[in-house]
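What the coordinates show
Below, each chain spelled out in residue letters.
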Amino acid sequence: MSSMYFEIGNFRIFYSSLVITVGILLCWIITFCLYRRSGRNTAAVHVFAVIAFVLSVIISRFLHWYFNSETYVSFKSAMTDFSYGNFCLPGMIAGIWLSAVIVRNTGLCRYAGKLLDCAAPGVCLLTAFIRLSALFNNTCKGKMLIRNESLQFLPIAYPMTDTAGNVRYRFATFFVEFLVMLAVTAVVWNLYRDQQHTKMRKPCPKTGNVARLAMVLHGAVEIIAETTRYDATLMRFKLISQLNQYSSFVSFTQVFSACMMLGILIYYSVRSIKGNGFSWLHPLCWLMFGAGIFGVGKLGEYNVQRYATYGKCYAIMAISLVIVSASIFLLYNACKRKRY
């Protein structure tokens, strides 16, 4: 995964791993501080952090091995030797959510949603650092070649040397996503502060909303970033290989993010209907979501693969993802109590 490292005694410490470790520590500190401020048992944070780390590493590595097994010597080496290969970021999200459920079932915390809310800003910051770690390896670089010399610098372009020794500047997907996720972290932090003074209409709970909205923003960033990458995790199935003719050009990260956003849309649709009754807002949001997904899938992802019109397609995808995210935020606002 990385060829850049320094040695301390007999140990090799990779720069990319060091950056990710800093992100993990910052995520844990933010979660701890926010959870302690709410007056709850902070032991839940420590247990949550350990379980989330273990599950995230296992699931994210397994997913990358499953869809890219040809890059590994064996399954055992993929799960034990992290000096090469890569990981699939949706596995981290799945590991964090599963960890919160496990900690809740142990009785250390009453609501998994509260734990996830406190972790949401830190998780977004961790994602930013994970992407920044690609500065020291050959992952998360763009398909687009930047030939204009005046644009061959970060955060736009990054130099890469091919097997023939030629240096080409590719779009710096990793650095652009790093900067965007820093902005998302600030937005999510502000959402967390606002949520502390927000009352929700029954049956929508007060906890878990920051985490859900954070995953909407996180998914939107991942969808458009993934389509720019030359090393996207494409869905190549093993047991049901007959599906590969339909799915081998589709990114698993994009599908996971879209399904996650759809699930959150359904969640707030059901609760807003139960709390306020059915209104014109619901079909409007559903139409917005459908139109946005069509823009992402057909006008964006399909057209960029077929015609390679990068600028136009990425602009359409960005606008479409704003529409998709707005539809969910509107339904979330419908679940809040009105202030007089």
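Placed above this text is the structure.
Residues numbered from 1 in each chain as written. Predicted model: local features only at pLDDT ≥ 70, side-chain atom pairs only at ≥ 80, totals over all residues. Heavy atoms only, no water.

**Topic: the overall build of the protein**
Check the secondary structure of the protein and you find 11 helices and 4 strands. At 21 Å, the protein has a C-alpha radius of gyration in line with the 20 Å of a compact globule built from 340 residues. For the C-alpha atoms alone, the extent of the protein along its principal axes is close to 65 × 50 × 45 Å. Taking all 340 residues of the protein together, 47% fall into the buried category. If you take every contact in the protein between residues at least 6 apart in sequence, the share linking residues at least 24 apart comes to 70%. (Helix = DSSP H or I, 4+ residues; strand = E, 2+ residues; numbered from the N terminus. Rg over C-alpha atoms; globule rule 2.2 N^0.38 Å. Buried < 20%, exposed > 50% of the residue type's maximum accessible area, 1.4 Å probe, protein only. Contact = heavy atoms within 4.5 Å.)

**Regarding the nonpolar core**
Within the largest apolar cluster, 82 residues are counted, with the highest numbers of intra-cluster contacts made by Phe 48, Met 92, Val 188, Met 261, Tyr 268 and Ile 328. For this core, the element with the most residues is helix H5 (residues 112-132), which contributes 14 residues. In this structure, Trp 65, Tyr 66, Phe 67 and Met 235 belong to the second largest nonpolar core, which totals 9 residues. (Core = buried A, V, L, I, M, F, W, Y, C linked by side-chain atoms within 4.5 Å.)

**Here we look at the environment of Phe 278**
Structurally, Phe 278 can be placed in the loop between helix H9 (252-276) and helix H10 (281-307). Take Phe 278: its relative accessible area is 55%, and that puts it in the exposed class. For the pair Phe 278 and Ala 186, spaced 92 residues apart in the sequence, the C-alpha separation amounts to 33 Å.

**Observations concerning the pattern of salt bridges**
Under the criterion given, the structure shown has 4 salt bridges. With a closest N to O distance of 3.1 Å, Arg 131 and Glu 222 form a salt bridge. With Arg 131 in helix H5 and Glu 222 in helix H7 (residues 209-228), this pair connects stretches of sequence that are 91 residues apart. What makes Arg 131 buried here is its relative accessible area of 6%. Across the pair Asp 231 and Arg 229 runs a salt bridge whose closest N-O atoms are separated by 3.0 Å. The same class applies to Asp 231 and to Arg 229, which are both buried. One continuous salt-bridge network, built from bridges that share partners, spans Arg 131, Glu 177 and Glu 222. (Salt bridge = Lys/Arg side-chain N within 4 Å of Asp/Glu carboxyl O.)

**Description of a positive patch on the surface**
The grouping of Lys 199, Lys 202, Lys 206 and Arg 337 at the surface amounts to a positive patch. You can see Lys 199 is positioned in the loop between helix H6 (173-195) and H7. (Patch = residues over 30% accessible without salt bridge, like charges linked within 9 Å, V, L, I, M, F, W, Y side chains within 5 Å. Areas by Shrake-Rupley, 256 points an atom, 1.4 Å probe, with all protein chains shown as cover. Lys, Arg positive; Asp, Glu negative; His and termini not counted. Charge placed at Lys NZ, Arg CZ, Asp CG, Glu CD.)

**Notes on the packing of aromatic side chains**
Using the criterion set out here, one finds 18 aromatic pairs in the structure. A ring pair is formed by Tyr 158 and Phe 174, whose centres lie 5.5 Å apart and whose planes are at 90°; its orientation type is edge-to-face. Residue Tyr 158 is located in strand S3 (residues 157-161), and its partner Phe 174 is located in helix H6; the two are separated by 16 residues in the primary sequence. Each member of the pair Tyr 158 and Phe 174 is classed as buried. Seen from the ring of Phe 174, Lys 141 lies directly overhead, with NZ or CZ sitting 4.7 Å from the centre. (Phe/Tyr/Trp six-rings, centres within 6.5 Å; stacked < 30°, edge-to-face > 60°. Lys NZ or Arg CZ within 6 Å of the ring centre and 35° of its normal.)

**Let's talk about the pairing of strand S4 (residues 167-171)**
In this structure, S3 lies alongside S4, joined through 5 bridges in antiparallel fashion. Each residue of the ladder has a partner; that of Thr 161, found in S4, is Val 167. Between S3 and S4, which follow one another and run antiparallel, lie 5 residues, and Gly 165 among them has a positive phi close to 90°. (Pairing = 2+ DSSP bridges.)

**Details of the side chain of His 218**
Tracing the sequence through the fold places His 218 in helix H7. In this structure, His 218 is in contact with Leu 89, Ile 93, Thr 127 and Met 181, ignoring residues within four places of it in sequence.

**Some remarks on helix H4 (residues 90-106)**
For an α-helix the count is 3.6 residues per turn, leaving residues at separations of three or four pointing the same way. If you check H4, its first and last C-alpha atoms are 25 Å apart, about what 17 residues at 1.5 Å a residue would give, namely 24 Å. Looking at H4, one finds that the buried residues are Pro 90, Gly 91, Met 92, Ile 93, Gly 95, Ile 96, Ser 99, Ala 100 and Val 103. Where the residues of H4 are buried, they touch helix H2 (43-67), H5, H7 and H9. Once H4 finishes, Gly 107 follows within two positions and takes phi at roughly 90°, a positive value. (Expected span 1.5 Å × (residues − 1).)

**Overview of the packing of H5 against H7**
One way to put it is that H5 packs onto H7 with a least axis distance of 7 Å and a crossing angle of 20°. Relative to H7, the element H5 lies roughly parallel. Remark: the crossing between H5 and H7 carries left-handed chirality. Two secondary-structure elements touch here, H5 through Leu 116, Asp 117, Ala 120, Cys 124, Thr 127 and Arg 131 and H7 through Asn 209, Val 210, Ala 211, Ala 214, His 218 and Glu 222. The residue makeup of the contact of H5 with H7, split by class, is 6 nonpolar, 3 polar and 3 charged. (Axes fitted to C-alpha atoms, helices over the stretch in contact; angles between N-to-C directions. Parallel < 35°, antiparallel > 145°, perpendicular 65-115°, else oblique. Left-handed = near helix turned anticlockwise from the far one by under 90°. Nonpolar A, V, L, I, M, F, W, Y, C, P; charged D, E, K, R; others polar.)

**So, a nonpolar patch on the surface**
A contiguous nonpolar patch, built from Val 22, Leu 25, Leu 26, Trp 28 and Ile 29 and spanning about 400 Å² of accessible area, is present on the exposed surface. Inspection of the secondary structure assignment puts Leu 25 in helix H1 (residues 15-37).

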